[in-house]
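# Architecture and fold: a report
What follows is each chain in one-letter form.
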Amino acid sequence: MVDTKTKDKEVIKKLEGLGEQVYKQINQGANPTVALPVRSLGNIFFDQKSRTIKLGDKMSERQFLNIAHTRKFMQTMLVANEIKKVIHENATVSIRDLYYALKHTIEGTNENTFENQDESDPLIEDLEASLNLLREELHLAASAKGIISGPMVVKDGNDTIDLTRMGSGGWSVPSNVEEDRIEIKKMEADYVLFIEKDAVWRRFNEDKFWKKNNCIIITGRGQAARGERRLVQRLNKEHKLPIYALMDADPWGMYIYSVIKQGSISLSYSEEKLATPDTKYIGLTVGDVETFKIPKEVTIKLNQLDIKRLNELQSYEWFKHKKWQAEFDLMKQKNIKMELEALSKKGIRFITETYLPQKIKEEDFLP
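A short tour of the structure in this document, coming up. (Residues numbered from 1 in each chain as written. Predicted model: local features only at pLDDT ≥ 70, side-chain atom pairs only at ≥ 80, totals over all residues. Heavy atoms only, no water.)

### Thoughts on the side chain of E196
Heads up, the condition is: Working definition: helices are DSSP H or I runs of at least four residues, strands are E runs of at least two. Numbering for both runs from the N terminus. Only protein chains enter the accessibility calculation, which uses a 1.4 Å probe; a residue is then buried when its area is under 20% of its type maximum, exposed when over 50%, and partly exposed in between. When charges are counted, neither His nor the chain ends are considered; positive counts come from Lys and Arg and negative counts from Asp and Glu. The working definition used for a salt bridge is a side-chain nitrogen of Lys or Arg within 4 Å of a carboxyl oxygen of Asp or Glu. Residue contacts follow a heavy-atom distance rule, with two residues in contact if any of their heavy atoms lie within 4.5 Å.
Structurally, E196 can be placed in the loop between strand 12 (191-195) and helix 5 (198-206). This buried residue, E196, is left without a salt bridge; K197 holds the nearest opposite charge, at 5.6 Å. Look past the residues within four positions of E196 in its chain and what remains in contact with it is T219, R221, G222, L246, M247, D248, G253 and I256.

In structure tokens, the structure reads:
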């Protein structure tokens, strides 16, 4: 395991390398320039080998002596310098903190370095992409969002935490779960269940599903944040745990699943560190309506936005498997979608005592 100090030294070395490059260009009388990966849709592809969404090799230049680039060039240098200061102080700050730390009026002018956070956030992503680092490795944190329970013990700083003793609220997944921050001390689970919705996760936690089925249950409360995705990837890679995703049977739940599995277009530069390609989709599906005799009155009619999104999903390369194409076709043919909570119509604990155990036993998954 790489310790925090060693990792920080590597990050600082990369940031200083960027500064030294610009300093050298200035001394040579050249136009200070930094090369950055192009992060537009045209430079993104699905890599069949890694089974993740990746950034291509197209590069762009940001030049100080180009009036269209000057402001962003200055802002990029300010962001890199501030991140270096934060690391030196052994602190972690939010991207909002970073924005306010950098916002000031340039002496002798009425010009502010930053007008709003929308200017600083993309520059952080530029640095992540160009230096091949995660935001968390730059000591930048997002708000905690996900929660987790199950037979697992972690060490977070000086605290040892048993995730079977977190009560009804579960353990809040930190934004930084890298090995140097979160050490997995003990793991006894057989698999991980990634649940889309907070309310459904609470049903599974209250029913002690993780105890009865010896598994980890985790939710990202909608679209999963980086911390949950990175932790699940670690559980899959380091402990060889299968990952099963439990989502709504609608285009939005299925897209959230694909982000866990293959990654997202917006974070394509870091998906090898976040995506878990071995994830399997365990439900819901439209086919479950017949299989589990789910009353049709709890299904919801597709609207025009759903159909548009379905057509988009169906065109994505990572959804080309014939089973997924058949599921999309069936959803359009039946013209329905369904939420996980709809299974409550069959009984409060139907989802934890009948539906999920049967799906796992019969290995009724979508790839």
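What follows picks up the thread again.
### Side note on the pairing of strand 1 (residues 33-37)
Heads up, the condition is: A pair of strands is treated as paired once DSSP finds two or more bridges between them.
Burial analysis of strand 1 places four of its five residues in the buried class, the great majority of the element. Relative to strand 4 (residues 59-63), strand 1 runs antiparallel, the two sharing five bridges. Following the sheet pairing, L36 is matched in strand 4 by S60.

### Let's talk about the sheet that holds strand 11 (residues 182-187)
Applied cut-off: A fitted line through C-alpha atoms serves as each axis, taken over the contacting stretch for helices, and the angle formed by two N-to-C directions is quoted from 0 to 180°.
Read across the open sheet, the three strands follow the order 9-8-11; overall the sheet is antiparallel. Bordering the open sheet on either side are strand 9 (159-162) and strand 11, each of which pairs with just one other strand. When the angles between neighbouring strand axes are averaged without regard to direction, this sheet yields 20°. As defined by bridge partners, strand 8 (residues 152-156) adjoins strand 9 across four bridges and the pair is classed as antiparallel. Considered in strand 9, the bridge of K155 is made with T160. Along the sheet face, helix 7 (residues 226-239) touches strand 8 and strand 11 and points at about 50° away from the line of strand 11.

### A closer look at the nonpolar core
A general trend in soluble globular proteins is that nonpolar side chains are found buried together. The cut-off we apply is this: Within this scheme, the nonpolar core is defined by two criteria: the residues are buried Ala, Val, Leu, Ile, Met, Phe, Trp, Tyr or Cys, and they are joined through side-chain atoms within 4.5 Å.
If you look at the biggest cluster of nonpolar residues, it comprises 82 residues, and the most contacted ones within it are M152, L193, F204, I217, L246, Y355 and L356. In terms of residue count, the dominant contributor to this core is helix 8 (residues 251-261) (six residues). The contacts of Y355, once residues within four sequence positions are left out, are L246, I282, G283, L284, T285, D288, F292, L343 and F350. Of all hydrophobic cores here, the second largest spans 26 residues; its members include F73, V79, L123 and I124.

### Some words on helix 8
Of all the 11 residues making up helix 8, 10 are buried; the element is thus mostly covered by neighbouring parts of the structure. The elements touched by buried residues of helix 8 are strand 12, helix 7, strand 14 (243-246), strand 15 (280-283), helix 10 (304-315) and helix 11 (322-334). One or two positions beyond helix 8, positive phi appears at G263, with a value near 105°.

### Here we look at the sheet that holds strand 15
The strand order across the open sheet built from six strands is 10-7-13-12-14-15, with neighbouring strands paired in mixed fashion. In this open sheet, the two strands that pair with only one neighbour each are strand 10 (171-172) and strand 15. Taken strand by strand, helix 12 (residues 350-361) contacts strand 12, strand 14 and strand 15, and its axis lies near 140° from that of strand 15.

### Notes on the pattern of salt bridges
Pairing between side chains of opposite charge can happen when their charged atoms approach one another. Evaluated as defined, the whole model comprises 37 salt bridges. One salt bridge connects E111 with R71, and the closest N-O pair in it is separated by 3.0 Å. Separated by 40 residues along the polypeptide, E111 in the loop between helix 3 (95-102) and helix 4 (117-131) and R71 in helix 2 (residues 70-88) bring together distant segments of the chain. Within the structure, one salt-bridge network assembled from shared partners comprises R39, R62, E125, D126, E128, R135, E136 and R226.

### Brief notes about the environment of P357
You can see P357 is positioned in helix 12. A relative accessible area of 26% means that P357 is categorised as partly exposed. Along the backbone, P357 and F209 are 148 residues apart, and their C-alpha atoms lie at a distance of 9.8 Å.

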